[in-house]
Amino acid sequence: MTSNDTTKLAATALVAGGLGALLSYYLSQRQRPSSSPPNALAHTTRTSFIFHDPTNETTPTTSDATVLFPHSHEERMRRRIAARMSIEEENSQPRRSVTVRVPASSANCGPGFDCIGLAVDLWTEVTVSRAETFEITAEGEGADDMPKDETNYIVTGVKAAYETAEKPMPPLKYHIVSRIPYARGLGSSSAAIVAGIIAGLVLAGHRLPVWGSESLLQIAASIEGHPDNVAPVIYGGFQIGIHNGTRWITERIPTPPGLQLVMFIPDFIGKTSAARGLLKDTINRQDAAFNIGRVAFLVHALAVGNLDNLKWGVQDKMHQPQRAAAIYPHLYPMIKAAEEAGACCAYLSGAGPTVMAMTSGASGDIFTQREKERTDFTVARAMMEVAQEFNVKGRIVVTQASQDGARVVKVDPPFSTADITFRDNV
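The rules behind these values
- Residues numbered from 1 in each chain as written.
- Predicted model: local features only at pLDDT ≥ 70, side-chain atom pairs only at ≥ 80, totals over all residues.
- Heavy atoms only, no water.
- Axes fitted to C-alpha atoms, helices over the stretch in contact; angles between N-to-C directions.
- Helix = DSSP H or I, 4+ residues; strand = E, 2+ residues; numbered from the N terminus.
- Parallel < 35°, antiparallel > 145°, perpendicular 65-115°, else oblique.
- Left-handed = near helix turned anticlockwise from the far one by under 90°.
- Contact = heavy atoms within 4.5 Å.
- Nonpolar A, V, L, I, M, F, W, Y, C, P; charged D, E, K, R; others polar.
- Pairing = 2+ DSSP bridges.
- Core = buried A, V, L, I, M, F, W, Y, C linked by side-chain atoms within 4.5 Å.
- Buried < 20%, exposed > 50% of the residue type's maximum accessible area, 1.4 Å probe, protein only.
- Salt bridge = Lys/Arg side-chain N within 4 Å of Asp/Glu carboxyl O.
- Lys, Arg positive; Asp, Glu negative; His and termini not counted.
- Polar contact = N/O pair within 3.5 Å; in protein donor to acceptor, adjacent residues only side chain to side chain.
- Arc of directions from axis to C-beta.

**Q** Break down the packing of helix 11 (residues 331–340) against helix 12 (residues 376–389) for me, citing the residues and quoting the values.
**A** With their axes 8 Å apart at the nearest point, helix 11 and helix 12 run at an angle of 155° to one another. Considering the angle they form, helix 11 stands roughly antiparallel to helix 12. Relative to helix 12, helix 11 is oriented so that their crossing is right-handed. Contact with helix 11, carried on its side by Pro 333, Met 334, Ala 337 and Ala 338, involves Val 379, Ala 382, Met 383, Val 386 and Ala 387 of helix 12 and no other residues of that element. Residues of the contact of helix 11 with helix 12, tallied by class, amount to nine nonpolar, no polar and no charged.

Shown next as structure tokens:
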């Protein structure tokens, strides 16, 4: 190599190095946290029910040039909100009346104590209207048992909504059409809380952030104390919820197709407080490891659709053995009978007394499908035989998981306009 070639090579290397340094500096400047004022929407945060995850000041914020992956839902929403220059004030006016439809729910699903639940296709409708005096009327499941004063969880939810909106709560009248068995381990209290919050927000004309905050979930879980029921009531499907140290967060677990729910619902009421009082404050390491493994197995079985593994995934040592020994002697014999009759699994729904079995094989409308393609009827009979053996009076209800959560089905004045019609002409 000649001295001239060496000089050219050195010059090329210097130019390349300089360009590389300039490019690195440019990229670092683009990713540096902005010192500009926060997003214009940030000042609308009104109460402690709106939580945002803390950010690490030493970590550069995501650049708009960064590639978004399929799971980057909250970043996508951040950009979408930032691109919008106005808030929909036209849809923030107070309403005179609203009807909210909320599903039942089944919590724990065996080992997922206080953190896993699913929405059940049984529904209650709550209508809340402005009135001159307070009044609660009810019909349907548990209408005679539920409180008709301000201790009703629907009223609690409405109060929380008005407090969040920082508006005075007017006199209201409530009418409940209940199709969720009352105090039977199917989330009747969580349904009431969520129905009240949604009704109150609509009546007050107040909206909450969801992405990065899940503010409705924060309000509901702060009242209930945990997310296992309220999360599926809000979002539908199977939900798993945890507290990240700042706020409650949830994720949906896939629901395998063809899954049915066969429930034995006793005639007697189950008090959650009494059922919780049976549990110790601590558990041993062996039982903790048992439940951790079962929760992982349960979530995996649901995620991949391996229904054969559900019977292992719903096993539990934290609450079911204690409750079975003290107040539900029929529980384990009924679980055994259901699984032997063809159920994928069975477990105590919530704090009981309902026993929930899952079966497979349903496709389309079950009343046009041959019974031998499914096991729900056989499982129902097996569960009822155990109930009769233990002299526990009750009934069997067959339904399915609901992929939908709570929603507004009627409102006055409506959200729909002459140009835009929402579902059910709401």
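**Q** Hey, could you go over the sheet that holds strand 10 (residues 394–399) for me, with residue numbers and the actual values?
**A** What the four strands build is an open sheet, ordered 8-9-7-10; its pairing is antiparallel. Because the sheet does not close on itself, it has two edges, and the strands there are strand 8 (345–348) and strand 10. Averaged over all neighbouring strand pairs, the angle between strand axes comes to 20°, with direction disregarded. Taken together, the five bridges between strand 7 (residues 260–266) and strand 9 (residues 355–359) define a ladder with antiparallel strand orientation.

**Q** Account for the nonpolar core, naming residues and giving values.
**A** Counting residues in hydrophobic clusters, the biggest one holds 73 residues, and the most contacted among them are Leu 118, Val 194, Leu 310 and Met 358. Sort the elements by how many residues they give to this core and helix 4 (residues 188–204) lands first, with 12 residues. Val 262, Leu 331, Ala 380 and Ala 382 belong to the second-largest nonpolar core, a separate cluster that totals 22 residues.

**Q** Please give an account of unusual backbone geometry that cites residues and values.
**A** Note that the residue after Gly 352, namely Pro 353, is joined by a cis bond; omega there is 10°. Pro 413 follows Asp 412 through a cis peptide bond whose omega is -5°. On the secondary structure map, Pro 413 appears in the segment after strand 11 (407–412). The backbone of Ala 183 shows a phi angle near 55°, a positive value even though the residue is not glycine. You can see Ala 183 is positioned in the loop between strand 4 (172–178) and helix 4.

**Q** Explain the environment of Thr 282 residue by residue, including any values.
**A** Topologically, Thr 282 is positioned in the loop between helix 7 (272–276) and helix 8 (285–304). Thr 282 gets classed as exposed once you look at its relative accessible area, which sits at 61%. Between the C-alpha atoms of Thr 282 and Met 318, which are 36 residues apart in sequence, the distance is 9.5 Å.

**Q** Just give me the short version of the pattern of salt bridges, but keep the residues and values in it.
**A** In total, this model carries 10 salt bridges according to the counting rule given. Linking Arg 247 and Glu 214 is a salt bridge whose minimum nitrogen-to-oxygen distance equals 3.5 Å. Placement of Arg 247 in the loop between strand 5 (238–243) and strand 6 (248–253) and of Glu 214 in the loop between helix 4 and helix 5 (215–224) is noted, with a sequence separation of 33 residues between them. Like Arg 247, the residue Glu 214 is buried in the burial classification. The salt bridge involving Arg 407 is made with Asp 424; its shortest N-O contact spans 2.8 Å. Of this pair, Arg 407 sits in strand 11 while Asp 424 sits in the segment after strand 11, placing them 17 residues apart in sequence. Classification of Arg 407 by relative accessible area gives buried; the value is 18%. Among the residues examined, Asp 424 registers a relative accessible area of 48% and is labelled partly exposed.

**Q** Please provide a residue-by-residue account of the side chain of Glu 224, values included.
**A** For Glu 224, the position within the fold is in helix 5. No salt bridge is formed by the buried Glu 224, whose closest oppositely charged neighbour, Arg 276, lies at an N-O distance of 7.2 Å. Apart from residues lying up to four places away in sequence, Glu 224 is in contact with Ser 189, Ser 190, Ile 193, Asn 229 and Val 230.

**Q** Describe the side chain of Ser 416, and please don't skip the residues or the numbers.
**A** Its location among the elements puts Ser 416 in the segment after strand 11. Polar contacts involving the side chain of Ser 416 include one to the main-chain amide nitrogen of Phe 422, which spans 2.9 Å. Engagement of the side chain of Ser 416 in a polar contact is seen with the backbone oxygen of Val 426, the distance being 2.6 Å. When near neighbours in sequence (up to four residues on either side) are disregarded, Ser 416 contacts Thr 421, Phe 422, Asn 425 and Val 426.

**Q** Before we move on, can you summarise helix 11 with the specific residues and values?
**A** Taken together, the buried positions of helix 11 are occupied by Leu 331, Met 334, Ile 335, Ala 337 and Ala 338. In an axial view of helix 11, the angular spread of the buried residues amounts to 165°, which keeps them on one side of the axis. Of the residues in helix 11, the exposed ones pointing more than 90 degrees away from the buried face are Lys 336 and Glu 340. Those residues of helix 11 that are buried lie in contact with strand 7, helix 10 (320–326), strand 8, strand 9 and helix 12. Remark: Gly 342 follows helix 11 within two positions and exhibits a positive phi of approximately 120°.

**Q** Residue-level account of the pairing of strand 1 (residues 97–107), with values.
**A** When you tally the buried positions in strand 1, you get 10 out of 11 residues, the bulk of the element. As paired strands, strand 1 and strand 2 (residues 116–130) are joined by 11 bridges and run antiparallel to one another. Considered in strand 2, the bridge of Val 100 is made with Val 126. As paired strands, strand 1 and strand 11 are joined by five bridges and run antiparallel to one another. Counterpart to Val 98 in the pairing with strand 11 is Val 411.

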